[in-house]
Amino acid sequence: MTPLPILYSFRRCPYAMRARMALRASGTPVELREVVLRDKAPEFLAASPSATVPTLVAADGGVIDESLDIMLWALCMNDPEGWLAPEAGALDDMLALIEHIDGPFKQSLDRYKYDTRHPDRDRLEERGKAAAELVALEDRLAESGWLFGGRPSLADMAILPFVRQFANTDRAWFDGEDWPTLKAWLEAFEQSDRFQAIMDKYPQWAAGDPVTVFGDEFATQSPA
Ligand SMILES: N[C@@H](CCC(=O)N[C@@H](CS)C(=O)NCC(=O)O)C(=O)O
């Protein structure tokens, strides 16, 4: 039997979340290896050039250590929900928006959330910059409910984990802002069966552990 692809993942990492969402949507089972960032397994360090999660090791040994590339890898094989072919706009439009969120938005989010690491920055100013990006998303969402039309696409699933991270930094403040469609969009994501499923908890992986199959409801633990 061909070995499963291996996904080095960390439950709370938004990059790993988006990769796990796409693997589920594409119906691609993987062997999940939970990484603890302050105690990275030697096998993970040997496999991942960047030593970041998520990292996927394909059955042919190829390594992908960028979350968006893992999403595209899975969805190019199988995309039953049409995440790569949105109702409105095209793949390039989605990639441009994702790049913007991964860039300026994520930078402000980090300076807001991890403000003690950025003593030279004003936390609330950074929150304001990130919020301006979310207001732009609200305008898009108000048109059709999702970022590129009336159903979820790659862009929604790549971006939502970061909006969630932003919201959770100060949920009371976030909930008090006037972005009703954005809030409904985030809530639909957080309440979805798929999101719940990708947030299952796994113990830290170590060599010799039984294989944890992620993406196959009927065989979550099978002997190595
Ligand atoms: N560009 C990468 C970024 C991934 C990333 O930065 N992941 C964080 C965790 S959320 C990480 O692994 N950091 C390494 C560390 O903390 O040692 C991707 O999209 O996969």
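I tried to follow the packing of aromatic side chains on my own but got confused; where do I start?
Given two aromatic rings, their pairing is described by the distance between the two centres and the angle made by the two planes. For the structure on display, the rule yields ten aromatic pairs. On the numbers, 4.8 Å between centres and 70° between planes, the contact of Y15 with F162 is edge-to-face. Taken as a pair, Y15 in helix α1 (residues 14-26) and F162 in helix α6 (residues 154-169) lie far apart in primary sequence, 147 residues in all. The partly exposed category is assigned to Y15, whose relative accessible area is 27%. An aromatic cluster of three or more residues is present, and its members are F105, Y112, F166, W173, F174 and W179. Lying across the ring of Y114, R117 places its NZ or CZ 4.0 Å from the centre. The ring of F148 carries R140 above its face, with NZ or CZ at 4.4 Å from the centroid.

Before we go on, may I ask you to explain the nonpolar core in this structure?
Core analysis: the largest hydrophobic core is formed by 57 residues, its most contacted members being L137, L154, F166 and W185. Looking at which element gives the most residues to this core, the answer is α6, with ten residues. In this structure, this core is formed jointly by two domains, domain 1 (6-80 + 196-214) and domain 2 (91-191), each of which donates at least three residues. Leaving out residues up to four positions away in the same chain, W185 has contacts with L137, L141, G145, W146, L147, D156, I159, L160 and V163. Grouped together as the second largest cluster of nonpolar side chains are ten residues, I6, C13, F44 and W205 included.

What am I meant to see in unusual backbone geometry here?
Glycine aside, negative phi is the norm for most residues, and most peptide bonds take the trans geometry. In this model, V53 is joined to P54 through a cis peptide bond whose omega is 0°. Residue placement: P54 occurs in the loop between α2 (42-47) and β3 (55-57). The phi torsion at A51 lies on the positive side, around 55°, for a residue other than glycine. Along the chain, A51 falls in the loop between α2 and β3. Its relative accessible area of 18% is what places A51 among the buried residues.

I'm lost on helix α8 (residues 180-191) in this one. Help?
Because an α-helix completes one turn every 3.6 residues, residues spaced three or four positions apart along the sequence face the same direction. In a regular helix each residue adds 1.5 Å, so twelve residues correspond to 16 Å; α8 covers 16 Å between its end C-alpha atoms and thus fits that length. Within α8, burial applies to L182, W185, L186, F189 and E190. Mapping the buried residues of α8 onto a view down its axis gives an arc of 130°, with all of them on the same face. Exposed and facing more than 90 degrees away from the buried side of α8 are P180 and Q191. Where α8 is buried, its residues meet α1, α5 (123-144), α6, α7 (171-176) and α9 (193-198).

Mind showing me how you'd approach the site of the ligand here?
Close contacts around the ligand come from C13, Y15, L37, K40, A51, T52, V53, P54, D65, E66 and S67, and that covers them all. Within the contact set of the ligand, an oxygen atom lies 2.6 Å away from a side-chain nitrogen or oxygen of K40. Interatomic distance of 2.6 Å between a side-chain N/O atom of S67 and an oxygen atom of the ligand. The protein chains hide 69% of the 510 Å² of surface that the ligand would expose on its own. Counted by class, the shell around the ligand contains six nonpolar, two polar and three charged residues.

The rules behind the values
- Residues numbered from 1 in each chain as written.
- Predicted model: local features only at pLDDT ≥ 70, side-chain atom pairs only at ≥ 80, totals over all residues.
- Heavy atoms only, no water.
- Phe/Tyr/Trp six-rings, centres within 6.5 Å; stacked < 30°, edge-to-face > 60°.
- Helix = DSSP H or I, 4+ residues; strand = E, 2+ residues; numbered from the N terminus.
- Buried < 20%, exposed > 50% of the residue type's maximum accessible area, 1.4 Å probe, protein only.
- Lys NZ or Arg CZ within 6 Å of the ring centre and 35° of its normal.
- Core = buried A, V, L, I, M, F, W, Y, C linked by side-chain atoms within 4.5 Å.
- Domains from an automatic or database assignment.
- Contact = heavy atoms within 4.5 Å.
- Expected span 1.5 Å × (residues − 1).
- Arc of directions from axis to C-beta.
- Near = heavy atom within 4 Å.
- Polar contact = N/O pair within 3.5 Å; in protein donor to acceptor, adjacent residues only side chain to side chain.
- Areas by Shrake-Rupley, 256 points an atom, 1.4 Å probe, with all protein chains shown as cover.
- Nonpolar A, V, L, I, M, F, W, Y, C, P; charged D, E, K, R; others polar.

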